[in-house]
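Fold and geometry: a report
Residues per chain, in single letters:
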Amino acid sequence: MKKPIYLCLAHMGGSEQRYIQEAFDTNWVVPLGPNVNGFEEDLERFLQSGTTSTSASHVCALSAGTAALHLAMVLLGIKVGDEVICQSFTFAASANPITYQGATPVFVDSETETWNISPQLLQEAIEDRISKTGKKPKAIIVVHLYGMPAKMKEIKAIAEHYDIPIVEDAAEALGSSYNGQHCGTFGEYGILSFNGNKMITTGGGGAIVCKTQEAKQRALFYATQARESFPYYQHEYIGYNYRLSNICAGIGRGQMEVLDQHISHHQHIAELYAQAFTDNPFITLHTNPDTISNSNYWLNTIILSENAPCSPDDIREALAKENIESRPLWKPMHLQPVFQNAPAYVNGVSEKIFQHGLCLPSGPWVSDKDVQRIVDICLSTLSV
Ligand SMILES: *Cc1c(COP(=O)(O)O)cnc(C)c1O
């Protein structure tokens, strides 16, 4: 059997077990401790690094990216009867937390350059919701899908005009930047994920990125059962158990030592795909549309033209026969049965991308030779 190639497998740097051992040796086997604090500081330093932005980020480590999104909804006071705009082209975890609060998601389609929320359609959606319901949507969830930064300049201008907070789902975009600023630091709240196949992993985990220390303290409060500061257990709000464990944070600290390496590897793989596909009339690789967008290329994705002699599924099956994992793109939320009753502002872009696209292996375990194998199969499937 041929050597398997996976989409994006976890890849350890080497120090992870040392941090975990320390946690055991000092008996910090709880959802707080030195690794949690250290991991948060590493992330804050990273989000500040190499940027033109002067404002610091305050990071609260959590048990999942989904928990981070839910906390953002809680912190923004989203409640029953509210509407929250959400990019339709995304993973369900971006939208589900809206419903945890009893609010209604309003889906907005994408533009063709970054595949993320269309600023034009966003504006139309806000106007239409105001005219239909008499009130503004309470938040806008923007996603940097596959690591590609959304058009934050235009989106921010609209959000500021209507005074609606942005929640930035950067679960796939750790290490991506836009106009010299890290993804995850633009919104009122930013969200990161450290699930098994993201840029780095804690074996399951996430974080919420806040603009102020006060906001971080509020996130921490709700993430630890909303316990008031009394000697006994006093509760005045509903809380959650969303903190990251000190063991998982130990993995995260080790991963932070290799994050830069992971990012450059993903970007290197993107370059190899770009070179290999450049002359092919049927394949377009999803790449930075301009010089201010800097994708981490978490997953490299291709689109087949409508006149291509085969479908993305043919390529996926040809790759699977050779033990290579590939995956259809995210199916847009406005096409999901579970969200069939949610309002949606649609232009056909994400549906078309979904129909014609495919994710190719991109993670730290994918070698230059692996890329050659993948490319050869894609090209030969297309030439039949
Ligand atoms: C992975 C992911 C999430 C959720 O993160 P978890 O840590 O798995 O809960 C949210 N949004 C997007 C776009 C993701 O890819």
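This structure is a prediction, so every number in the text was calculated from the model and none was measured.

A tally of regular secondary structure across the chain gives 12 helices and 14 strands. When the backbone C-alpha atoms are referred to their principal axes, the chain occupies close to 70 × 60 × 40 Å. Counting over 384 residues, the chain shows a buried share of 56%. Element-wise, carbon and sulfur atoms account for 52% of the exposed surface of the chain, whose accessible area totals about 16,200 Å². With 27 positive and 40 negative side-chain charges, the chain shows a separation of 3 Å between the mean positions of the two kinds.

Below, the discussion takes up the pattern of salt bridges. Applying the stated rule across the entire model yields 14 salt bridges. Residue Asp42 pairs with Arg45 through a salt bridge whose shortest N-O separation is 3.4 Å. Highlighted residues: Asp42 and Arg45, both in helix α2 (residues 34–48), separated by 3 residues, approximately one helical turn. Given a relative accessible area of 17%, Asp42 falls into the buried group. In this structure, a network of salt bridges that share partners links the residues Lys79, Asp82, Lys135 and Lys138.

Attention now moves to the packing of α2 against helix α8 (residues 246–256). With their axes 8 Å apart at the nearest point, α2 and α8 run at an angle of 35 degrees to one another. Our pair here, α2 against α8, has a crossing hand that is left-handed. Seen from α2, the contacting residues are Pro34, Asn35, Val36, Gly38, Phe39, Asp42, Leu43 and Phe46; seen from α8, they are Asn246, Ala249, Gly250, Gly252, Arg253 and Met256. Taken together, the residues of the contact of α2 with α8 sort by class into 7 nonpolar, 5 polar and 2 charged.

For the chain, the assigned domains read domain 1 (16–258) and domain 2 (260–383). Centre-to-centre, using C-alpha coordinates, domain 1 lies 25 Å away from domain 2. Taken together, the contact pairs 48 residues of domain 1 with 38 residues of domain 2. Across the domain 1/domain 2 interface, buried area totals approximately 3,800 Å², and carbon plus sulfur atoms make up 62% of it. Interface area lost by domain 1 to domain 2 is led by Trp115, Tyr146 and Met199, which between them contribute 22%. Taken together, domain 1 and domain 2 are joined by 0 salt bridges. Viewed at the interface, domain 2 and domain 1 are joined by 27 residue pairs in polar contact (both at pLDDT 80 or more). Each residue belonging to the side of domain 1 that touches domain 2 can be placed in one class, and the counts come to 22 nonpolar, 16 polar and 10 charged.

Moving on, we get to the sheet that holds strand β11 (residues 293–294). Within a sheet, each strand pairs with its neighbour through backbone hydrogen bonds, oriented either parallel or antiparallel. Strand order in the open sheet made by the 3 strands is β7-β6-β11, with antiparallel pairing throughout. Since the sheet does not close on itself, it has two edges, and those belong to β7 (181–182) and β11, each with one partner. Judged from the 2 bridges that link them, strand β6 (residues 177–178) and β11 form a sheet pairing that is antiparallel. Bridge pairing in β11 places Tyr178 opposite Ser293.

Moving on: the nonpolar core. Grouped together as the largest cluster of nonpolar side chains are 37 residues, with contacts concentrated most on Phe39, Tyr146 and Leu174. Sorting the residues of this core by element identifies α2, β1 (58–62), β9 (206–210), α8, α9 (259–277) and α11 (349–356) as the ones contributing at least two each. It is α2 that provides the largest number of residues to this core, a total of 5 residues. Split by domain, the residues of this core number at least three in each of domain 1 (16–258) and domain 2 (260–383). Not counting the four nearest positions on each side in its chain, Tyr146 is found in contact with Phe89, Trp115, Glu172, Ser295, Asn296, Tyr297, Trp298, Leu299, Thr301, Leu329, Trp330 and Cys359. Core analysis: the next-biggest nonpolar cluster, separate from the first, contains 35 residues, Ala68, Ala72, Phe107 and Ala219 among them.

Given 3.6 residues per turn, any residue in an α-helix points the same way as the ones three and four places further on. The end-to-end C-alpha distance of helix α5 (residues 119–133) is 21 Å, a good match for the 21 Å that 15 residues give at a rise of 1.5 Å each. All buried positions along α5 are accounted for by Pro119, Leu121, Leu122, Ala125, Ile126 and Arg129. Down the axis of α5, the buried side of the element spans an arc of 155 degrees, and every buried residue falls inside it. The exposed residues of α5 that point more than 90 degrees off its buried face are Gln120 and Ser131. For α5, the secondary structure elements touched by its buried residues are β2 (83–87), β3 (104–108), β4 (139–143), α6 (152–162) and β13 (344–345). Where α5 terminates, the next one or two residues include Gly134, which has phi positive at roughly 80 degrees.

As a further point, take the site of the ligand. The environment of the ligand is formed by 15 residues, the closest being Thr66, Asp169, Glu172, Ser193 and Lys198. A distance of 2.5 Å separates an oxygen atom of the ligand from a polar atom in the side chain of Thr66. Here Asp169 contributes a side-chain N or O atom positioned 2.7 Å from a nitrogen atom of the ligand. Here the ligand, which alone exposes 380 Å², has 94% of that area covered by the protein. Tallied by class, residues from the shell around the ligand come to 5 nonpolar, 7 polar and 3 charged.

In this section: the pairing of strand β14 (residues 357–360). Two faces belong to every sheet, and in a regular strand the side chains alternate between them. Of the two faces of β14, the one lined by Gly357 and Cys359 and the one lined by Leu358 and Leu360 are each fully buried. Of the strand pairs in this sheet, strand β12 (residues 300–304) and β14 are connected by 4 bridges, and their pairing is antiparallel. Along β14, the bridge assignment pairs Ile302 with Leu358.

Cut-offs used in this document
Residues numbered from 1 in each chain as written. Predicted model: local features only at pLDDT ≥ 70, side-chain atom pairs only at ≥ 80, totals over all residues. Heavy atoms only, no water. Helix = DSSP H or I, 4+ residues; strand = E, 2+ residues; numbered from the N terminus. Buried < 20%, exposed > 50% of the residue type's maximum accessible area, 1.4 Å probe, protein only. Areas by Shrake-Rupley, 256 points an atom, 1.4 Å probe, with all protein chains shown as cover. Lys, Arg positive; Asp, Glu negative; His and termini not counted. Charge placed at Lys NZ, Arg CZ, Asp CG, Glu CD. Salt bridge = Lys/Arg side-chain N within 4 Å of Asp/Glu carboxyl O. Axes fitted to C-alpha atoms, helices over the stretch in contact; angles between N-to-C directions. Left-handed = near helix turned anticlockwise from the far one by under 90°. Contact = heavy atoms within 4.5 Å. Nonpolar A, V, L, I, M, F, W, Y, C, P; charged D, E, K, R; others polar. Domains from an automatic or database assignment. Buried area = accessible area lost by both parts, 1.4 Å probe. Polar contact = N/O pair within 3.5 Å; in protein donor to acceptor, adjacent residues only side chain to side chain. Pairing = 2+ DSSP bridges. Core = buried A, V, L, I, M, F, W, Y, C linked by side-chain atoms within 4.5 Å. Expected span 1.5 Å × (residues − 1). Arc of directions from axis to C-beta. Near = heavy atom within 4 Å.

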